[in-house]
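Structural characterization, general
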Amino acid sequence: MKKGKQSINRLQSYLTTPFLFTVVIIVANVAVLAVDRKAAAVMAPASCICLFFSIALYFYRKPLLLKELVNFSMEHAQVQNQLLRALPMPYAIIDEAGKILWINYAFQREIGKEKNKNLRALFPEVKRKDIPVDDEHKILNVRHGDRYLRLELVNVVLPGEFTDSGFSGVGEGEEFPRLLALYVFDETESIGLKKTMEEEQMVAGLIYLDNYEEAMAMVDEVRVTVISALVDRKITRYFAQMGAVIKKLEKDRYFVAVKQKYLSVMTEDHFRILEDVR
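Residues numbered from 1 in each chain as written. Predicted model: local features only at pLDDT ≥ 70, side-chain atom pairs only at ≥ 80, totals over all residues. Heavy atoms only, no water.

In terms of regular secondary structure, the protein chain is built from ten helices and eight strands. Looking at the protein chain as a whole, 25% of its 278 residues are labelled buried. Nonlocal contacts in the protein chain, meaning residues at least 24 apart in sequence, comprise 50% of its contacts between residues at least 6 apart. Surface accessibility of the protein chain: about 19300 Å² in total, with carbon and sulfur atoms responsible for 60%. (Helix = DSSP H or I, 4+ residues; strand = E, 2+ residues; numbered from the N terminus. Buried < 20%, exposed > 50% of the residue type's maximum accessible area, 1.4 Å probe, protein only. Contact = heavy atoms within 4.5 Å. Areas by Shrake-Rupley, 256 points an atom, 1.4 Å probe, with all protein chains shown as cover.)

Right, let's talk about the sheet that holds strand β8 (residues 253-259) for a bit. With respect to topology, three strands assemble into an open sheet ordered β6-β8-β7, the strand pairing being antiparallel. Looking at strand neighbours, the two that pair on one side only are β6 (202-208) and β7 (245-250), the edges of this open sheet. Strand-to-strand twist of the sheet, defined as the mean angle between neighbouring strand axes without regard to direction, takes the value 20°. Running over the sheet, helix α9 (residues 261-268) touches β6 and β8 and is turned about 120° from β8. (Pairing = 2+ DSSP bridges. Axes fitted to C-alpha atoms, helices over the stretch in contact; angles between N-to-C directions.)

Examined against the element boundaries, Arg 147 turns out to sit in strand β4 (residues 147-155). For Arg 147, a relative accessible area of 18% corresponds to the buried category. Here the side chain of Arg 147 touches Glu 110 through a polar contact of 2.5 Å, landing on its backbone oxygen. In this view, Arg 147 contacts Glu 110, Ile 111, Val 142, Asp 186 and Thr 188; residues no more than four positions away in its chain are not counted. (Polar contact = N/O pair within 3.5 Å; in protein donor to acceptor, adjacent residues only side chain to side chain.)

General note: in soluble globular proteins, nonpolar side chains tend to be found buried as a group. Phe 107, Leu 119, Phe 123, Leu 151 and Leu 182 are the most contacted members of the largest nonpolar core, which totals 19 residues. Contributing elements (two or more residues each) for this core: β1 (91-95), β2 (100-103), α4 (119-122), β3 (138-144), β4 and β5 (179-186). The residues touching Leu 182, leaving out its near neighbours within four places in the chain, are Pro 90, Tyr 91, Ala 92, Phe 107, Leu 119, Leu 151, Glu 152 and Leu 153. One finds Ile 235, Phe 239, Tyr 254 and Val 258 within the second-largest nonpolar core, a separate group that totals 14 residues. (Core = buried A, V, L, I, M, F, W, Y, C linked by side-chain atoms within 4.5 Å.)

For the rest of this paragraph, the subject is the pairing of β2. Here β1 runs beside β2; their pairing, made up of three bridges, is antiparallel. Along β2, the bridge assignment pairs Ile 94 with Ile 100. Remark: four residues form the turn of the hairpin made by β1 and β2, two consecutive strands paired antiparallel; Gly 98 in that turn has positive phi of roughly 95°.

Attention now goes to the pattern of salt bridges. Applying the stated criterion across every chain, the model contains eight salt bridges. For Arg 147, the salt bridge goes to Glu 110, with nearest N and O atoms at 3.8 Å. Of this pair, Arg 147 sits in strand β4 while Glu 110 is found in helix α3 (residues 105-110), placing the two residues 37 residues apart along the sequence. Judged by its relative accessible area of 29%, Glu 110 is partly exposed. In this structure, Arg 150 and Glu 152 form a salt bridge, with 3.1 Å as the shortest nitrogen-oxygen distance. Salt bridges sharing partners connect three or more residues here, namely Glu 110, Arg 147 and Asp 186. (Salt bridge = Lys/Arg side-chain N within 4 Å of Asp/Glu carboxyl O.)

Below, the discussion takes up the packing of aromatic side chains. Inspection of every chain in the model, using the stated rule, returns three aromatic pairs. Taking the ring centre of Tyr 148 as reference, the NZ or CZ of Arg 143 above it sits at 4.4 Å. Above the face of the Phe 185 ring, Arg 150 is positioned so that its terminal group lies 4.3 Å from the ring centre. (Phe/Tyr/Trp six-rings, centres within 6.5 Å; stacked < 30°, edge-to-face > 60°. Lys NZ or Arg CZ within 6 Å of the ring centre and 35° of its normal.)

Turning to the state of the cysteines, a few remarks are in order. Counted by the stated rule, this structure contains zero disulfides. Not engaged in a disulfide, the cysteine Cys 48 finds its nearest cysteine sulfur in Cys 50; these two sulfurs lie 9.3 Å apart. For Cys 48, a relative accessible area of 52% puts it in the exposed group. On the accessibility criterion, Cys 50 (28% relative accessible area) is partly exposed. (Disulfide = S-S within 2.5 Å.)

Let us now look at the sheet that holds β2. If you trace the five strands from one edge of the open sheet to the other, you get β2-β1-β5-β4-β3, paired in antiparallel fashion. The sheet is open, and its two borders are formed by β2 and β3, each paired with just one other strand. Between one strand and the next, the sheet's axes are offset by a mean angle of 30°, whatever the strand orientation. In the sheet, β4 pairs with β5 via seven bridges, with the strands oriented antiparallel. What sits directly across from Leu 149, in β5, is Asp 186.

This part covers the environment of Ala 44. Relative to the helices and strands, Ala 44 is located in helix α2 (residues 37-85). For Ala 44 and Val 30, which are 14 residues apart along the polypeptide, the C-alpha to C-alpha distance reads 9.2 Å.

This is the structure we're talking about:
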């Protein structure tokens, strides 16, 4: 509203400026009249012509200029609207209750075509308390099908003319509903890459065979070498199928480096290799 008033005031000052120059000329004409009537008589037609053109400019050009300003504003609004609609990122306008009021083409294509639908119906993970209050900037991470999305909710600051009572169906004394901009970012690829990086990280560990010396003391010397070779082969095969790096440090101790993703596999089978070796 303030910007609109400033534009009108600038236009008003532009149209009234010729009147100020006309006043200056008339004052000068009066001053010349006090000195020389003939010179004043020569200046008088010029003063009248300036006054005539000032009045004509004000009353004739003002409606034309206002019309041009209105047309420019409408075209500018249409360009902005088209730019938002063609924005490659999904974008929507929602009210404070979560109702979707407006969506662009990318939102229709990637999220859904339904307007007048609640945000929580599209994203069940979003709760009523997640809708930001006042100027709060909320970031939400949700799932949509097999995709991971980041939602950003930002309060929309409306121009004053939109919040005037009586505009767009808002009655006198009623408060204009608060609107929020919804930006949707697809993070499926980045999260997938992050997960892959975490799974591919190498984890190092040491494997100890408890009571190895005591167990071997109870076995014949002939069978010690055979049993030791069997233990080595079982441990090596178990970790080889996971692409691990394994090295025997001592007869009852091994160093192993395995990918992070295989830790869960070993946890699920309760480190079966230990039972097998026993």
